[in-house]
Amino acid sequence: MAGAFVQASAGVYNGFGGDAVDSLSGVASGNAFIAICIATADPTAIATSNFSGSGAFTKQVAGSALGGGLLLSIWDYYSALSGSHTITATAVAGSGVQMIVLEVSGIASYTGASTLAQGVSNAPTANSLTPVSGSWNLGVSYNSTAQTYSGWSPGTEIFDYAAWRGLAGSEYTAPSTSGIVTSASLGASEFWYAQTYSFAVSGGGGSNIAAIAQHYKKMRTI
């Protein structure tokens, strides 16, 4: 089973005084959540709760700061319960946090990330990640305004939100182990930072998963 994006939350920003709280409804049992945060200090925890249970996210990538000074971190949570979930990012006192939560089907575990890439005034730098064949990959960029994430070809944009900073993301199911270049493209006077995250899919990998991924891409274009 190839990984597939299902839905994203609305990109909540908490300002500089309190937790960031967001929600997802219509969640399918067993799907995974991925929380993406940009912050002046990484949240101390992210937790989800619904009518029948709760659980904590695991921080997979600690925040990294470049010229913009903000931290981009990623957290995941597997085997979600069905229904509506409230997701809370517990902020460090006095810090600002923006959070987007994705629901993804068919992924089993986090496997790796590229180093953070950056650019200013549309001058690109790039870092690459070599994914496992059949893995589900997520590219995330943040910038001064919401812009389309355009770092990959192929790649399907799945969110583009502006609150405190613009956050954009794209998904890509790797048909092979060729490297993914992490980059972005913005307006002439803006900055961007971007990183690629990779996840193992449920049910193994290899040529069968690659075939499913190509079929899925074809179906989305019909």
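Calculation notes
- Residues numbered from 1 in each chain as written.
- Predicted model: local features only at pLDDT ≥ 70, side-chain atom pairs only at ≥ 80, totals over all residues.
- Heavy atoms only, no water.
- Helix = DSSP H or I, 4+ residues; strand = E, 2+ residues; numbered from the N terminus.
- Buried < 20%, exposed > 50% of the residue type's maximum accessible area, 1.4 Å probe, protein only.
- Contact = heavy atoms within 4.5 Å.
- Core = buried A, V, L, I, M, F, W, Y, C linked by side-chain atoms within 4.5 Å.
- Pairing = 2+ DSSP bridges.
- Axes fitted to C-alpha atoms, helices over the stretch in contact; angles between N-to-C directions.
- Polar contact = N/O pair within 3.5 Å; in protein donor to acceptor, adjacent residues only side chain to side chain.
- Phe/Tyr/Trp six-rings, centres within 6.5 Å; stacked < 30°, edge-to-face > 60°.

Focus: the overall build of the protein chain
Secondary structure assignment for the protein chain yields one helix and 18 strands. Classification of the 222 residues of the protein chain by burial places 49% in the buried group. When contacts within the protein chain are restricted to residue pairs at least 6 apart in sequence, those whose partners lie at least 24 apart make up 77%.

Concerning unusual backbone geometry
Comment: phi is negative for the bulk of residues other than glycine, and the bulk of peptide bonds are trans. Despite not being glycine, S79 shows a phi value in the positive range, around 60 degrees. Turning to its location among the elements, S79 is positioned in the loop between β8 (71-77) and β9 (83-90). Note on S79: relative accessible area 53%, which makes it exposed.

Some words on the environment of N31
Relative to the helices and strands, N31 resides in the loop between β3 (20-27) and β4 (32-39). Take N31: its relative accessible area is 9%, and that puts it in the buried class.

Observations concerning the nonpolar core
Proteins that are soluble and globular tend to have nonpolar side chains buried together. Ranked by internal contacts, the top residues of the largest apolar core, which has 27 residues, are I34, L102, W136, L138 and F159. The set of elements that each furnish at least two residues to this core consists of β4, β8, β10 (97-105), β14 (136-143), β15 (156-162) and β18 (191-201). Element by element, the count of residues in this core is highest for β18, at five residues. In contact with F159, not counting residues within four places along its chain, are A8, I36, I100, L102, L138, V140, L167, A168 and G169.

Observations concerning the sheet that holds β9
The strand order across the open sheet built from four strands is β3-β9-β5-β6, with neighbouring strands paired in antiparallel fashion. Taken across any chain shown, the strands that pair with only one partner, and hence form the sheet edges, are β3 and β6 (53-56). Each strand of the sheet is rotated relative to its neighbour by a mean of 20 degrees, with strand direction disregarded. In the sheet, strand β5 (residues 45-50) pairs with β6 via four bridges, with the strands oriented antiparallel. The residue of β6 that forms the bridge with N50 is G53.

Re the pairing of β4
Of all the eight residues making up β4, eight are buried; the element is thus mostly covered by neighbouring parts of the structure. Burial of β4 is two-sided: the residues A32, I34, I36 and I38 facing one way and the residues F33, A35, C37 and A39 facing the other way are all buried. Pairing geometry for β4 and β10, over eight bridges, is antiparallel. Within β10, the residue paired with F33 across the bridge is E103.

Some points on the side chain of S95
Mapped onto the elements of the fold, S95 is located in the loop between β9 and β10. Look at S95 and you get buried, because its relative accessible area is 3%. At a separation of 2.6 Å, a polar atom in the side chain of S95 contacts the main-chain carbonyl oxygen of V92. What S95 contacts, discounting residues up to four positions off in sequence, is N14, G15, F16, G17, T40 and A41.

Comments concerning the packing of aromatic side chains
Given two aromatic rings, their pairing is described by the distance between the two centres and the angle made by the two planes. Applying the stated rule across the entire model yields seven aromatic pairs. For the ring pair F33 and Y77, a centre distance of 6.0 Å and an interplane angle of 20 degrees mean the geometry is stacked. Of the two residues, F33 is situated in strand β4 and Y77 in strand β8; the sequence distance between them amounts to 44 residues. Here F33 and Y77 have matching classes, each one buried. Relative to Y77, the ring of F57 lies with its centre 5.5 Å away and its plane at 35 degrees, an arrangement referred to as tilted.

Let's talk about the side chain of E171
Within the secondary structure layout, E171 lies in strand β16 (residues 166-173). Among the polar contacts listed, one links the side chain of E171 to the side chain of W136, at a separation of 2.8 Å.

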